[in-house]
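Reading the structure
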Amino acid sequence: METPHLTTRRARTRDVPEIRALVQPLAESRVLVAKDAVAYYESLQEFRVIEDAGVVIGCGAVHVMWQDVAEVRTLAVADSHRGRGIGHLLLEQLLDDARELGVARVFCLTFEVDFFCRHGFQPIEGQAVTPEVYAQLLRSYDEGVAEFLDLDRVKPNTLGNTRMLRVL
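Residues numbered from 1 in each chain as written. Predicted model: local features only at pLDDT ≥ 70, side-chain atom pairs only at ≥ 80, totals over all residues. Heavy atoms only, no water.

1. With respect to the overall build of the protein chain
Within the protein chain, the secondary structure is distributed over seven helices and seven strands. Going from the N terminus to the C terminus, the protein chain shows its helices and strands as β-α-α-β-β-β-α-β-α-β-α-α-α-β. Rg of the C-alpha trace for the protein chain: 15 Å, near the compact-globule value of 15 Å for 168 residues, within the 12% margin. Taken along the three principal axes of its C-alpha coordinates, the protein chain extends 50 × 30 × 30 Å. The burial tally for the protein chain puts 48% of its 168 residues in the buried class. Put simply, 65% of the contacts in the protein chain that link residues at least 6 apart link residues at least 24 apart. Element-wise, carbon and sulfur atoms account for 52% of the exposed surface of the protein chain, whose accessible area totals about 9,000 Å². Positive and negative side-chain charges in the protein chain, numbering 19 and 25 respectively, have mean positions lying 1 Å apart. (Helix = DSSP H or I, 4+ residues; strand = E, 2+ residues; numbered from the N terminus. Rg over C-alpha atoms; globule rule 2.2 N^0.38 Å. Buried < 20%, exposed > 50% of the residue type's maximum accessible area, 1.4 Å probe, protein only. Contact = heavy atoms within 4.5 Å. Areas by Shrake-Rupley, 256 points an atom, 1.4 Å probe, with all protein chains shown as cover. Lys, Arg positive; Asp, Glu negative; His and termini not counted. Charge placed at Lys NZ, Arg CZ, Asp CG, Glu CD.)

2. Considerations on the packing of aromatic side chains
According to the stated counting rule, one finds four aromatic pairs in the structure shown. Between phenylalanine 116 and phenylalanine 121 the ring centres are 5.1 Å apart and the planes differ by 85°, which places this aromatic pair in the edge-to-face class. Each member of the pair phenylalanine 116 and phenylalanine 121 is classed as buried. Each member of the aromatic cluster is reached from another via a ring pair, and the members are Phe115, Phe116 and Phe121. (Phe/Tyr/Trp six-rings, centres within 6.5 Å; stacked < 30°, edge-to-face > 60°.)

3. Quick notes on the nonpolar core
Ranked by size, the top nonpolar core spans 38 residues in total, and within it Ile19, Val23, Cys59, Leu75, Leu91, Phe116 and Phe121 carry the most contacts. Secondary-structure elements contributing two or more residues to this core are α1 (16-28), β2 (47-52), β3 (55-66), β4 (69-77), α3 (86-101), β5 (105-110) and α4 (113-118). Among residues more than four places away in sequence, those in contact with valine 23 are Leu32, Val33, Tyr40, Cys59, Thr74 and Ala76. With 16 residues, the next largest nonpolar core counts Leu109, Ile124, Val129 and Leu137 among its residues. (Core = buried A, V, L, I, M, F, W, Y, C linked by side-chain atoms within 4.5 Å.)

4. What about the pairing of β4?
Counting buried residues along β4, nine of its nine residues qualify, which places the element largely inside the surrounding structure. Here β3 runs beside β4; their pairing, made up of seven bridges, is antiparallel. Paired with valine 62 across the two strands is valine 72, which belongs to β4. (Pairing = 2+ DSSP bridges.)

5. Let's talk about α1
With 13 residues, α1 should reach 18 Å at 1.5 Å per residue; the first-to-last C-alpha distance of 18 Å fits that figure. At leucine 22, α1 is bent by approximately 25°, the largest bend along its length, and proline proline 25 sits one to four residues beyond. For α1, the complete set of buried residues consists of Val16, Ile19, Leu22, Val23, Leu26 and Ala27. Where the residues of α1 are buried, they touch α2 (37-42), β2, β3 and β4. Positive phi appears at arginine 30, one or two residues downstream of α1, with a value of about 65°. (Expected span 1.5 Å × (residues − 1). Bend = angle between axes of the 7 residues up to and from the residue.)

Structure (structure tokens):
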């Protein structure tokens, strides 16, 4: 996606400091989970950024959890650019990425319920996978998978968040 000053593209290693700077205030207010720099580098291929005149003003990632399920993660927009449709542009790109990867459903864990509802996500209760897939996902070390499964050990991190799912 490109407009006169906005460009959406895959993240590059040089973007990690800017991504971390976008996430930091949201992590401090407990809207997003803080991560070490190495975690961003390890998952960089999952990220998209949006730039305004060469400056990263938004980021987000799509992380595949299973054959038919991915998660939208770390969706963040610079405070100075909120309310301008940047989050919408990023989310639509991430959903396109999920489709390209072949997943049928996209999960998110969020405080921004209205935003995600406007994009077709619905709150979920209980499990969104079969017992067989649940058993396989339990083997994952990924905290996002634990949040998707609603495991007790991640409850302190997810208080106040809503688990949501969108069928593509």
